[in-house]
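Below are the chains, spelled out letter by letter.
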Number of protein chains: 2
Amino acid sequence: MRSKPNYLFHTFSMVMSKTLKARYLIETSYDLEEAAQIMAGEQSSGTFVKIPGETESLRAKHGAEVSVIEPLREVSVPSLPGARGIPGNPIQRANVELCWPYENIGSNLSNLCATVAGNLFELGPFSGIKLLDLDFPPELAEEYPGPAFGIEGTRQLSGVFQRPMVGTIIKPSVGLTAKQTADQVKTLIESGLDFIKDDELMGDSPHSPFEERVDRVMSVINDYAHRTGKKPMYAFNVSGEVDDMRRRHDYLLEKQGTCIMVSLNWVGISGITFIAKHSQLPIHGHRNGWGIFDRSNILGIEFTAFQKIWRLAGVDHLHTNGIRNKFCEPDESVVKSIKACLQPLLGGYQVMPVLSSGQWAGQAKDTYDQIKSLDLMYLCGGGIVAHPSGIPAGVKSIQQAWQAAISGQSLEDYAINHRELKEAMDFYG
Amino acid sequence: MRSKPNYLFHTFSMVMSKTLKARYLIETSYDLEEAAQIMAGEQSSGTFVKIPGETESLRAKHGAEVSVIEPLREVSVPSLPGARGIPGNPIQRANVELCWPYENIGSNLSNLCATVAGNLFELGPFSGIKLLDLDFPPELAEEYPGPAFGIEGTRQLSGVFQRPMVGTIIKPSVGLTAKQTADQVKTLIESGLDFIKDDELMGDSPHSPFEERVDRVMSVINDYAHRTGKKPMYAFNVSGEVDDMRRRHDYLLEKQGTCIMVSLNWVGISGITFIAKHSQLPIHGHRNGWGIFDRSNILGIEFTAFQKIWRLAGVDHLHTNGIRNKFCEPDESVVKSIKACLQPLLGGYQVMPVLSSGQWAGQAKDTYDQIKSLDLMYLCGGGIVAHPSGIPAGVKSIQQAWQAAISGQSLEDYAINHRELKEAMDFYG
């Protein structure tokens, strides 16, 4: 413990009014308190050198405060290149919390991000900085009311209650015509799926123009809804320029669509808040590119912080991966991400976690045992369409697996009287 | 060389029409060709399993192609966690180029990014993926005409020719009132500065409302311009929601302002293209948060690729750091970034590189010798305001240093007859 023992007590009174909080993992060979103060200075009233205008009163009112320093283990080599370390000093990791007053930023999400995740990641003393978590000032809730639909609104629109929404993704990811997509949708919804989405590679391209895809797919879905009384949700990728997103949303709404999808990282925060304020449909938030932010343990933005920004921006569904996925993300991280989505934010802002990648009936029980919630989308590709008895049996196998989970039975026991689950376990297990 | 010897030849005919190209650094224990094909499949028509709809003709038309594989060195341990490596195989780095047809995406920058930088960075076989560079299909230029002002327009507006624009940043970064900011601007422009900018932490906050800051600062600048015939450029941070950015732009335009600033990563691509299409003023692109993308050598997006996306989005000025900066970025990377900005893109899209961080007269000659251009902004903080003979002498010292650079003289020789430069070298050197 290299920081002052009375650190927390020392700053307590000032910290109280500083309600924007950010927690980081840092790695440095500097004294930990000095390192944390450099971060706080750089992201508020200080800079590399002492400046005349940084008066005591300005600093007290606007300076970021270091509220927590928790030393962690030492590492033998710097994790990232370029740090200006102190020769001979150990390289140490620590958790650090900084806090800022609402007055520094106002109700402005991009300025908030410039404050908590701006010119920080290349600061000289650090061989690693990762933003782990955020607490927002309550004043932000006025400008950013968050998801308009969330879990409850999504369930109402799709008529699925007290179980996960079972879904899939159109494949191949790119290259199908609008007609081929609609034909695939017909097969999928006739098989009992609750939710289908565009792949994030499908947008508004010459071979599959957005309007034509909406026309053909919604014709299939509206016809099915008319016949059966159940309307599966299809998330159309509207990502693009703000005027185009608005136009696509309006077109889809007119055709009785029930969900738009956006690529969060590439549309960006201001584009997402724009479409969220305009949208009369839930927003399916696709996190593609997320690996840039979170693949490294020691650089970037962890999903816990990342998802809060997008919830504030107004996203209703958020991708999290599923357990035993085909990507690099370990189950521990996946479960943490799903739980983070289900945690209330500023007293609300409910968002639906979207589990996918390599999912089939086999992960349902382990997922439920860890998150104890049915408020999620469970997206399967091969886990449904490759089922040996066909797609309807694939869908049933997923639903049966979740019934087993809810009733506390093992998949094996439940499979005895549920043929589709039994076949799935024999085939995929 | 583990890839097929006839690799380039084999795919040549198909590659010709695939004009979106992305180059990556990868790290994997898979066979390099297999690894590259997994990337190409995941980001186009393929997925983890063979799917019925991925016909030969769809694949030929829409599948991404691997056009280059260049093996690099082996590494002893995986750079990033979670990779599903092949036990016993060496872990190898390689440069890989993939290419896609324009038809996969259409004129849509966010879908383009989802294609070249989407669900890639967490793919199982890789312990590292970094996007290094991009070539865009020429069709994109219709939807994205790029910077409306660039270097030439910025020079015209500020009346600075045949030398770098010398500038600074308002400090403290946050906490000054609008009046205090305007007072500081008065001192700075009376000292001969060409360019001043808001810090990225200054936005539209309760203690410094945007409109009031514009009123007070532009009053100072307009008065100075009226008296002297020279109008320094001030970049006001308009970052925020799209309607707010538009409103702030319009207000600034009405008050005869000449530049808006945006935090690129937090406004995001769709927000930036929106304001770029609307703007009648040059856009100063601040890259804060860039370290997330580029601090790691083996994860993220290198500046060479990063800057092309923002130029396409319409940004006129782009931050690059300066040499011998206070951050972690080495000079080699800084010089590469500046050169990248000065390289034509799709035959144009000129963008002004903005050098800053720890800059004073001392880096001018080395910078010029390496980039051979005067088309840049040279921002100094302490390098101007801490000059022992005051701020006007600080500004002169920078101009003299660039005169020395242009004339091919050493700073030492040039300083003999240039007092301000001499003092700067004695003080900062």
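Scoring rules and cut-offs
- Residue positions within a chain follow its written sequence, with the count starting from 1.
- Naming scheme: in the order in which they are written, chains are lettered from A and ligands are numbered from 1.
- It should be noted that, the model being predicted, local features are given only for residues of pLDDT at least 70 and side-chain atom pairs only at 80 or more, the latter also being counted only at that level, while totals for whole chains, interfaces and linings use all residues.
- Neither water nor hydrogens contribute to the side-chain values; these are computed over all heavy atoms in the structure.
- In this scheme, strands are said to pair when DSSP sees at least two bridges between them.
- Helical segments are the DSSP runs of H or I of at least four residues, strand segments are the runs of E of at least two, and each set is numbered from the N terminus.
- What counts as an axis is a line fitted to C-alpha atoms, over the stretch in contact for a helix, and the angles between N-to-C directions run from 0 to 180 degrees.
- Stacked, edge-to-face and tilted labels apply to pairs of Phe, Tyr and Trp rings (six-membered ring for Trp) whose centres lie within 6.5 Å, assigned for plane angles under 30 degrees, over 60, and everything in between, in that order.
- Classification of residues uses two cut-offs on accessible area relative to the type maximum, computed with a 1.4 Å probe and protein chains only: under 20% is buried, over 50% is exposed, and between them is partly exposed.
- As a reminder, the over-ring test applies to NZ of lysine and CZ of arginine, requiring each to be within 6 Å of the ring centre and within 35 degrees of the ring normal.
- To line up the copies, we fit them by least squares on C-alpha atoms, keeping just the residues with pLDDT of at least 70 in both.
- Here, two residues are considered to be in contact whenever any of their heavy atoms come within 4.5 Å of each other.

(A) Seen up close, the sheet that holds strand E5 (residues 165-169) of chain A. All names here are of chain A. Judged by pairing direction, the barrel is parallel, and its 8 strands sit side by side in the order E5-E6-E7-E8-E9-E11-E12-E13 before closing back on the first. This sheet shows a mean twist of 25 degrees between the axes of neighbouring strands, independent of strand direction. Pairing geometry for strand E9 (residues 283-286) and strand E11 (residues 317-319), over 2 bridges, is parallel. Residue His-284 lies in a different strand from E11, and its bridge partner there is His-317.

(B) Fine view of the sheet that holds strand E1 (residues 20-28) of chain B. Residue and element names in this part refer to chain B. Read across the sheet, 5 strands follow the order E2-E3-E1-E4-E10 without closing on themselves; strand pairing throughout is mixed. Edge positions in the sheet fall to strand E2 (65-75) and strand E10 (299-301), since each has one partner strand and no second. The sheet shows a mean angle of 15 degrees between the axes of neighbouring strands, taken without regard to direction. In this sheet, E10 lies alongside strand E4 (residues 126-135) in parallel orientation, the contact comprising 3 bridges.

(C) Examining the packing of aromatic side chains more closely. Scanning the entire structure with this criterion turns up 19 aromatic pairs over all chains. Pairing Phe306(B) with Trp310(B) gives two aromatic rings, centres 6.2 Å apart and planes at 70 degrees, and the pair type is edge-to-face. Taken together, the residues span about one helical turn, with Phe306(B) and Trp310(B) both in helix H13 (residues 303-313) at a distance of 4 residues. On the accessibility criterion, Phe306(B) (3% relative accessible area) is buried. When the ring of Phe427(B) is compared with that of Tyr428(B), the centres are 4.9 Å apart and the planes differ by 85 degrees; the resulting orientation is edge-to-face. The exposure class of Phe427(B) is partly exposed, given its relative accessible area of 48%. In this structure, Arg248(A) is placed above the aromatic ring of Phe210(A), and the distance from its NZ or CZ to the ring centre is 6.0 Å. Over the ring of Trp290(B) we find Arg287(B), and its NZ or CZ is 3.5 Å from the ring centre.

(D) Summary view of the relation of the copies chain A and chain B. When chain A is fitted to chain B, the best match, at an RMSD of 0.0 Å, comes from turning it 180 degrees and sliding it 0.0 Å along the axis. In symmetry terms, the pair is related by a two-fold rotation axis. Of the C-alpha atoms belonging to chain A, the one lying closest to the rotation axis is found on Gly268(A), 1.9 Å away. A share of 100% of interface residues in chain A that are also interface residues in chain B marks the association as one of identical surfaces.

(E) Expanded view of helix H4 (residues 109-117) of chain B. H4(B) sits mainly inside the fold: 9 of its 9 residues count as buried. Within H4(B), burial applies to Leu109(B), Ser110(B), Asn111(B), Leu112(B), Cys113(B), Ala114(B), Thr115(B), Val116(B) and Ala117(B).

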